[in-house]
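Take a look at the letters that make up each chain.
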Amino acid sequence: QAFIDAIEASNDTLNAYVVKTPEKALEMAAASDKRIASGAAGALEGAPLGVKDLYCTKGVRTTACSNILGEFTPTYESTVTQQLWDRGAVMLGKLNMDEFAMGSSNETSRFGPPANPWRRSGSNQTLTPGGSSGGSAAAVASDLCLGATASDTGGSIRQPAAFTGTVGIKPTYGRASRYGMVAFASSLDQAGPIAKTVEDSAILLEAMCGHDAKDSTSLPEPVPNWRDAVHRGVEGMRIGIPKEYRVDGMPDEIEALWSQGVEWLKAQGAEIVDVSLPHTKYALPAYYIVAPAEASSNLARYDGMRYGARVSGDNLVNTYEGTRSAGFGQEVQRRLMIGTYVLSSGYYDAYYLRAQKVRTKILNDFQNAFESCDALLTPTCPSAAFAYGEKAGDPVQMYLNDIFTVTANLAGLPGISVPAALDGQGLPLGLQVIGKALDEEACFRVGGALE
Ligand code: GLN
């Protein structure tokens, strides 16, 4: 009830929730109370959570914040959210996001952007909570839920967490089922939580992960006890500092944050090693080919016949064109055109195939680096939260914000963002820890030490 009241009081300003489900929440909470009374409490019993609007929720409108999904109300539940409810969590509603998770500022949502509860000192200007999981980050940061589901294709869990002073982790590709998550780029998409502390993120991630026969890329690996790893410390761990992440024009504050992180880890007994990831500069261009290519294929299903909104024309082609022109926003249309272009015959080898080769090189870089270290430490983003409109007019500027996050997706590796400092204007900055495949434990150990 306290969270429902908080949402009522401030969601009009924050625009974090795009669907509120107070009745459902109270019903689920009452069922929780009964389980607690009978001594059968689950791991998340009674925990009030928000759900990114990308997860299908049975009987609750799910649109990935796109007009093309109209009033689509799924008849089934995503595996990840089902696992949360099975452990006793309570659903408060659906959270704002960039349309189809394409963006870094949540400005492409059909419902308008959510607000970051943080402000620059002395300024009243509204800042973006980041994207695409901007609603999840804004809701957690402003206590409109205890934790939230999010998703990360190129940084959409970690960047919003960094912009709002919260914790976000993307697990190894295949750890969490993609069943019932609206697809963006299937070889990159991963579920994960945004939470208030590293320990909360470990508890939530444990509940979200595990093998699922309904997702063919789901890994048949047991889920470790990550919660215990958070307080294990970093004594004896080797932490790699990739020199290629020291990019041109990196603000001094980000440099200082990174050095501070190094000092903290050294002081706690970690050994710092310099490593090289030579293909880093190709990561962003490769990502912005692979992701749109997969999106153009995935989003072909929105044809006005099967789901959501339709604009009827006088023949089939007109109906497709009318529906897709009206239903998809500008950024989604841009991605679909890029994706279709790089997959077309004549350009496939030059762009898509080349990007896939770069992807392998990036994975090899990480594998080589991990021969001399257990985890990597980097800044999460090249800046703190920015204002609405600041980058919206220039897609390339917006894409550059993802420079430190897309590499983990291209290589399928786990990455956590932990709030580490405030910049000169009082805004939160995040440090990122990237682990080896299936070694989320290293992310939680180092994350716990940085907190
Ligand atoms: N900002 C990146 C993009 O626009 C990543 C999005 C995401 O991780 N969903 O594609």
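Labelled according to an unreviewed UniProt entry, the protein appears under the name Glutamyl-tRNA(Gln) amidotransferase subunit A, originating from Henriciella pelagia. Per UniProt, the protein has the following entry under Catalytic activity (unreviewed entry): "L-glutamyl-tRNA(Gln) + L-glutamine + ATP + H2O = L-glutaminyl-tRNA(Gln) + L-glutamate + ADP + phosphate + H(+)".

## Considering the overall build of the protein
Along the backbone of the protein there are 15 helices and 11 strands. Rg of the C-alpha trace for the protein: 21 Å, near the compact-globule value of 22 Å for 451 residues, within the 12% margin. Counting only C-alpha atoms, the protein reaches 65 × 65 × 50 Å along its principal axes. In the protein, buried positions account for 56% of the 451 residues.

## Looking at the packing of helix H9 (residues 283–298) against helix H11 (residues 330–343)
Where H9 meets H11, the closest approach of the two axes is 7 Å, and the angle between their N-to-C directions is 95 degrees. As the angle between them shows, H9 and H11 are arranged roughly perpendicular. Between H9, through Ile 289, Pro 292, Ala 293, Ala 295 and Ser 296, and H11, the contact on the second element is made entirely by Arg 335, Leu 336, Ile 338, Gly 339, Thr 340, Val 342 and Leu 343. Split into classes, the residues belonging to the contact of H9 with H11 amount to 8 nonpolar, 3 polar and 1 charged.

## Some remarks on the UniProt feature "active site" (unreviewed entry) in the protein
Annotation from UniProt places "active site" (unreviewed entry) at Lys 52, Ser 132 and Ser 156. In terms of the greatest pairwise C-alpha distance, the residues named above, spread along 105 residues, form a tight cluster of at most 11.1 Å across. By secondary structure assignment, the location of Ser 132 is in the loop between strand S3 (90–95) and helix H4 (134–141). Other than its neighbours up to four places away in sequence, Ser 132 contacts Met 97, Asp 98, Ala 101, Met 102, Gly 103, Asn 106 and Ser 156. The residue Ser 156 is located in the loop between strand S4 (147–152) and helix H5 (158–164) in this model. Apart from residues no more than four positions distant in its own chain, Ser 156 is found in contact with Ala 101, Gly 131, Ser 132, Ser 133, Ala 150 and Ser 151.

## Some remarks on the pairing of strand S7 (residues 238–242)
Bridge count between S7 and strand S8 (residues 271–275): 5 bridges; the pairing is parallel. The residue of S8 that forms the bridge with Ile 241 is Asp 274. The parallel pair S7 and S8 is bridged by helix H8 (residues 252–267), and the resulting crossover is right-handed. Both S7 and strand S9 (residues 375–379) contribute to a ladder of 2 bridges, which runs parallel. Across the sheet, the residue bridging to Ile 239 is Ala 375, located in S9.

## With respect to H9
Taking 1.5 Å per residue as the helical rise, H9 with its 16 residues ought to reach 22 Å, and the 22 Å between its terminal C-alpha atoms agrees with that figure. Among the 16 residues that make up H9, 13 are buried, leaving the element largely enclosed by the rest of the structure.

## Thoughts on the environment of Ser 123
With respect to the secondary-structure elements, Ser 123 resides in the loop between S3 and H4. On the basis of neighbour counts, which here come to 11 C-beta atoms within 10 Å, the residue Ser 123 falls in the exposed class. Taking the C-alpha atoms as reference points, Ser 123 and Gln 425, 302 residues apart in sequence, are found 9.3 Å from one another.

## A short note on the sheet that holds S3
Taking strand neighbours across the sheet as the criterion, the 11 strands line up as S1-S3-S2-S4-S6-S5-S10-S11-S9-S7-S8 in an open arrangement whose pairing is mixed. Taken across any chain shown, the strands that pair with only one partner, and hence form the sheet edges, are strand S1 (17–20) and S8. Between one strand axis and the next, the sheet turns through 30 degrees on average, direction left out of account. When S9 meets strand S11 (residues 428–435), the two strands line up antiparallel, connected through 5 bridges. Considered in S11, the bridge of Ala 375 is made with Gly 435. Here H4 sits on the sheet and contacts S1, strand S2 (48–52), S3, S4 and strand S6 (190–195); the angle it forms with S4, its principal contact strand, is near 155 degrees.

## Focus: the nonpolar core
Counting residues in each nonpolar core, the largest one holds 131 residues, and the members touching the most others are Leu 49, Ala 375 and Val 446. Residue contributions to this core peak at 10 residues, all from H9. Excluding residues within four positions of it along the chain, Ala 375 makes contact with Met 237, Ile 239, Val 433, Ile 434, Gly 435, Ala 442, Cys 443 and Val 446.

## Digging into unusual backbone geometry
Following Gly 131, the chain continues into Ser 132 via a peptide bond in cis, with omega recorded as 5 degrees. The phi torsion at Asn 106 lies on the positive side, around 65 degrees, for a residue other than glycine. Tracing the backbone shows Asn 106 in the loop between S3 and H4. Using a count of 35 C-beta atoms within 10 Å as the deciding quantity, one classes Asn 106 as buried.

## Focus on the confidence of the model for the protein
For the protein, per-residue confidence averages 97 on the pLDDT scale, and residues scoring 70 or more make up 100% of the total. As scored by the predictor, the complex reaches a pTM of 0.98 and an ipTM of 0.98.

Scoring rules and cut-offs
Residues numbered from 1 in each chain as written. Predicted model: local features only at pLDDT ≥ 70, side-chain atom pairs only at ≥ 80, totals over all residues. UniProt positions renumbered as here; feature names shortened; annotations may be inferred. Helix = DSSP H or I, 4+ residues; strand = E, 2+ residues; numbered from the N terminus. Rg over C-alpha atoms; globule rule 2.2 N^0.38 Å. Buried ≥ 20, exposed ≤ 12 C-beta atoms within 10 Å, placed from the backbone. Axes fitted to C-alpha atoms, helices over the stretch in contact; angles between N-to-C directions. Parallel < 35°, antiparallel > 145°, perpendicular 65-115°, else oblique. Contact = placed C-beta atoms within 7 Å. Nonpolar A, V, L, I, M, F, W, Y, C, P; charged D, E, K, R; others polar. Pairing = 2+ DSSP bridges. Right-handed = clockwise from strand over helix to strand, strands pointing away. Expected span 1.5 Å × (residues − 1). Core = buried A, V, L, I, M, F, W, Y, C linked by C-beta atoms within 7 Å. pLDDT = per-residue confidence, 0-100.

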